[in-house]
Amino acid sequence: MPVVYALLFCLWVGLVWVEFVFVVPVAVPVALVAATGAGIGRFAVVAWRTLTAVRLDGPSAVPRPAADAPDPVYPQYLIDQVWRDARTLTLRTIPWCLTEARGAVTTLTARMLPLPQGLAVFPIWLGLCAGILLSALPLAFAALAFAVVTVSVAGIGLVAWSVCVLVLGTVERLWTAYRRILLACPHPGCYERLALPSYACPNCDARHFRLVPNRLGAFRHVCRCGARLPTTILLGRFRLSAYCPHCGRPLPGRIGRARVEPLPFVGGPAAGKTTLMFLAVRALRAGAAASGGRAEFVEARDAGAYADALAELDAGGRLAKTGPELPAATMLDVTLPAGHRILYLFDPAGELHTGATRVERLRYLDHGEALLFVIDPFALPELRPALSREERLLVEATATSEEDPADTLQRLLADLRSRADQGRHRRIAVVVTKADVLRRTSVGRDVEEDVRGWLEGVGLGNTIRTLDRTAGHVRYLASGLDTPSAALADLFAWAVGLPIDGQDRGSAEPPGRARDDRPGTTERPGTTERSGTTEPGAAEPGAAGSGAAERSGAAGPGSGAAERRVSWRAPGRSERLVPLTYQFGRGVLLTALVVLGPTALLLLGLAGYTRFR
């Protein structure tokens with residue numbers, strides 16, 4: 001019997017030796033290749049399912065921006081979501097590989113090692129288990145290779161994206177600097193100068209406060225509703241509805257594309273500012289149309305007030321006194337051959353200019369580079385005593401201001417000295433109102449021959465010299481019932497930097513010159529200009545018809561710039577789908593993993609073989 005046991009032992013030893021020599025060398029690589037292939041195959045399946053998902057709730061969920069976020073926008077893919085996707089690939093691959101390897105070893109042990117067959121197939125079990133365990137090494141190399149590819153793709157993409165952000169931001173800043181774009185709020189109680197408006201998504205009306213090239217996107221920001229919003233004016237951001245980020249009230253269309261030009265009307269109570277403004281607007285609209293341009297109201301409210309004012313003036317009446325509240329800008333969108341402007345016409349009550357604390361509330365004065373100084377000649381202290389009895393009766397038939405224009409200007413300039421430029425302006429237009437009545441007096445008979453000289457002669461010499469020091473260019477106009485429309489339009493357009501004829505004559509004046517004495521500045525007869533304090537009923541023939549045409553154009557449908565704007569719907573996808581930028585980024589990453597992953601794995605293998613052979 002011992003001989004039999006010895007013989008069986010020898011046979012077992014021989015079998016084990018044969019298995020170790022001939023079977024194990026085959027079993028180990030077979031198990032190694034199978035386990036490695038299973039791991040890489042699992043990664044490929046997970047990558048395909050994750051990176052081709054089109055819904056937000058896919059394998060790697062894309063969090064939807066919160067509705068109350070300052071910018072309800074999906075972040076740029078390479079900054080945030082790519083790492084979520086990489087984490088999903090990792091968590092859905094490595095734990096699966098470990099679980100499957102543990103399960104394979106457990107299954108092999110349960111099926112191959114029970115006695116007595118375990119004594120015969122032990123080497124095979126050992127080889128298969130060894131191959132499974134050794135697959136951890138190539139799988140680690142594969143994970144490293146895929147990680148290198150992911151980081152490389154993200155790094156290269158971030159560099160390219162950063163260049164785009166830098167270039168787009170620089171182009172936008174250079175363009176706005178070249179166009180001298182000014183942004184400001186026109187609403188009373190705010191008047192803030194703006195670095196950037198907030199924009200409303202045209203699809204869901206969500207507000208976006210940082211719609212510029214940044215970490216949320218270079219060319220487009222993707223709203224939580226899926227809309228793709230342009231990040232610069234040159235890409236079309238001006239199509240979106242803009243709002244003041246400080247007070248939340250709407251801003252005019254095209255803001256940011258055209259320069260906002262605040263034009264304050266400065267003068268004492270009853271100086272004729274409101275009437276001058278509406279008649280100048282009428283002249284500017286007519287002049288713009290004649291030169292091939294246009295001037296349209298931004299808001300229907302302003303168009304209605306304009307139509308009502310013209311109706312009142314053409315009927316021979318007087319405009320109602322401006323209320324004491326802070327003024328809201330009358331907004332006019334102007335396109336002329338020389339360029340574009342969005343005009344903010346501020347017509348405050350004269351009482352707001354009669355006290356220092358009241359002037360301080362007019363913060364829109366801090367932003368503009370031009371103003372229109374309105375002088376009621378009958379408020380000049382030296383003029384009233386020079387009038388005869390008949391002339392005083394003529395003047396008393398009209399409402400006049402009691403505020404000395406020199407005091408108004410000094411109070412204004414004292415407040416403006418807090419500005420960085422010490423209150424200097426590029427252009428100041430000085431308008432002497434009620435010239436139709438003034439010319440009927442002996443002291444004002446020659447006012448239109450030389451407005452500047454006439455003002456100096458009636459005691460405003462110091463005021464004139466102050467204006468010369470305050471502004472780069474000063475122009476003068478005497479405005480009355482018979483002031484030509486062309487003269488009003490020319491002065492008004494010059495004040496905002498857009499001359500009707502397309503040539504900026506003011507900027508071509510020799511340095512240091514502080515006035516414009518061209519005859520066209522003071523020549524008369526033309527259209528009707530009715531100051532708020534002049535005699536009712538006097539009008540140039542045909543003026544009523546012109547006013548009627550203006551009223552029908554101003555109040556009719558589609559007359560204002562707001563009514564003419566065509567609603568623009570931003571392109572995009574359903575809010576339940578992944579943004580296109582995310583899908584594109586995922587596609588690039590998947591392609592890189594499929595093409596570059598094996599290449600990186602091969603290079604890592606060759607490097608390891610060379611190092612450790």
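As the structure is a prediction and not an experimental result, all values here were calculated from the model.

Rules of the game
- Residues numbered from 1 in each chain as written.
- Predicted model: local features only at pLDDT ≥ 70, side-chain atom pairs only at ≥ 80, totals over all residues.
- Heavy atoms only, no water.
- Pairing = 2+ DSSP bridges.
- Helix = DSSP H or I, 4+ residues; strand = E, 2+ residues; numbered from the N terminus.
- Contact = heavy atoms within 4.5 Å.
- Salt bridge = Lys/Arg side-chain N within 4 Å of Asp/Glu carboxyl O.
- Buried < 20%, exposed > 50% of the residue type's maximum accessible area, 1.4 Å probe, protein only.
- 1 Å grid on protein atoms, 1.4 Å probe; cavity = no way out; pocket = protein on both sides within 12 Å on 5 of 7 lines; lining within 4 Å.
- Points joined across faces, edges and corners; volume = space filled by probe spheres on them.
- Phe/Tyr/Trp six-rings, centres within 6.5 Å; stacked < 30°, edge-to-face > 60°.
- Lys NZ or Arg CZ within 6 Å of the ring centre and 35° of its normal.
- Expected span 1.5 Å × (residues − 1).
- pLDDT = per-residue confidence, 0-100.

### A look at the sheet that holds strand β4 (residues 220-223)
- Strand order in this open sheet of 3 strands is β1-β4-β5, and the pairing throughout is antiparallel. The open sheet terminates on both sides in strands that have one partner only, identified here as β1 (73-74) and β5 (228-230).
- Pairing analysis gives 3 bridges linking β4 to β5, with the strands arranged antiparallel. The residue bridging H221 from the neighbouring strand is L229, located in β5.

### Looking at the sheet that holds strand β3 (residues 207-208)
- Strand order across the open sheet formed by 3 strands is β3-β2-β6, with antiparallel pairing between neighbours. Two strands bound the open sheet, and with one partner strand each, they are β3 and β6 (241-243).
- By the bridge criterion, 2 bridges tie strand β2 (residues 198-200) to β3 in an arrangement that is antiparallel. From the neighbouring strand, Y199 faces β3, where its bridge partner is H208.

### Brief notes about the environment of A142
- Mapped onto the elements of the fold, A142 is located in helix α5 (residues 136-178).
- Sequence-wise, A142 and F43 are 99 residues apart; in three dimensions their C-alpha atoms are separated by 9.9 Å.
- Every residue in contact with A142, bar those within four places of it in the chain, is listed here: I40 and L601.

### Quick look at the pattern of salt bridges
- Considering all chains together, one arrives at 21 salt bridges under this definition.
- R586 serves as the salt-bridge partner of D85, at 2.9 Å between the closest nitrogen and oxygen. Taken as a pair, D85 in helix α2 (residues 81-91) and R586 in helix α17 (residues 580-612) lie far apart in primary sequence, 501 residues in all.
- Judged by its relative accessible area of 1%, R586 is buried.

### Focus: the layout of surface pockets
- Counted as a void, the largest pocket has a volume near 790 Å³.
- Every residue lining the largest pocket is counted, 35 residues in all, and those nearest its centre are G39, T93, I94, C97 and L139.
- Listing elements by their share of the lining of the largest pocket, those giving two or more residues are α1 (2-51), α2, α3 (94-112), α4 (117-134) and α5.

### Re the packing of aromatic side chains
- Tallied over the full model, the rule gives 12 aromatic pairs.
- Their ring planes at 20° and their centres at 4.4 Å tell us that F43 and F146 sit as a pair that is stacked. Here the residue F43 occupies a position in helix α1, and F146 occupies one in helix α5, the gap between them amounting to 103 residues.
- Judged by centre distance (3.8 Å) and plane angle (5°), the rings of F346 and Y364 are stacked. Here F346 is found in strand β10 (residues 339-346), whereas its partner Y364 is found in the loop between α8 (356-360) and β11 (370-375), with 18 residues between them in sequence. In terms of burial, F346 and Y364 fall into one category: buried.
- Through a chain of ring-to-ring contacts, three or more aromatic side chains come together here, namely Y191, Y344, F346 and Y364.
- Lying across the ring of F238, R257 places its NZ or CZ 4.2 Å from the centre.

### Some thoughts on empty space enclosed by the protein
- Scanning the model with the defined rule gives 4 cavities of 30 Å³ or more in all.
- In this model, the largest cavity occupies a volume close to 50 Å³.
- Every residue along the wall of the largest cavity is listed here: Y74, V222, G226, R228, R573, S574, E575, L577, V578, P579 and L580.

### Some points on the pairing of strand β13 (residues 471-478)
- Burial runs high along β13: 7 of the 8 residues are buried.
- As judged from the 7 bridges shared by strand β12 (residues 425-432) and β13, these two strands associate in the parallel manner. Within β13, the position partnered with V431 by the bridge is L477.

### Thoughts on helix α6 (residues 273-290)
- The first and last C-alpha atoms of α6 sit 25 Å apart over 18 residues, in line with the 26 Å expected at 1.5 Å per residue.
- Burial runs high along α6: 15 of the 18 residues are buried.
- In the segment just after α6, G292 is the residue with positive phi, at about 90°.

### Details of the confidence of the model for the protein
- Across the protein, the average pLDDT comes to 81, with 84% of residues at or above 70.
- Every residue in residues 504-566 is under pLDDT 50, and counting partners more than four places away or in other chains gives 147 contacts.

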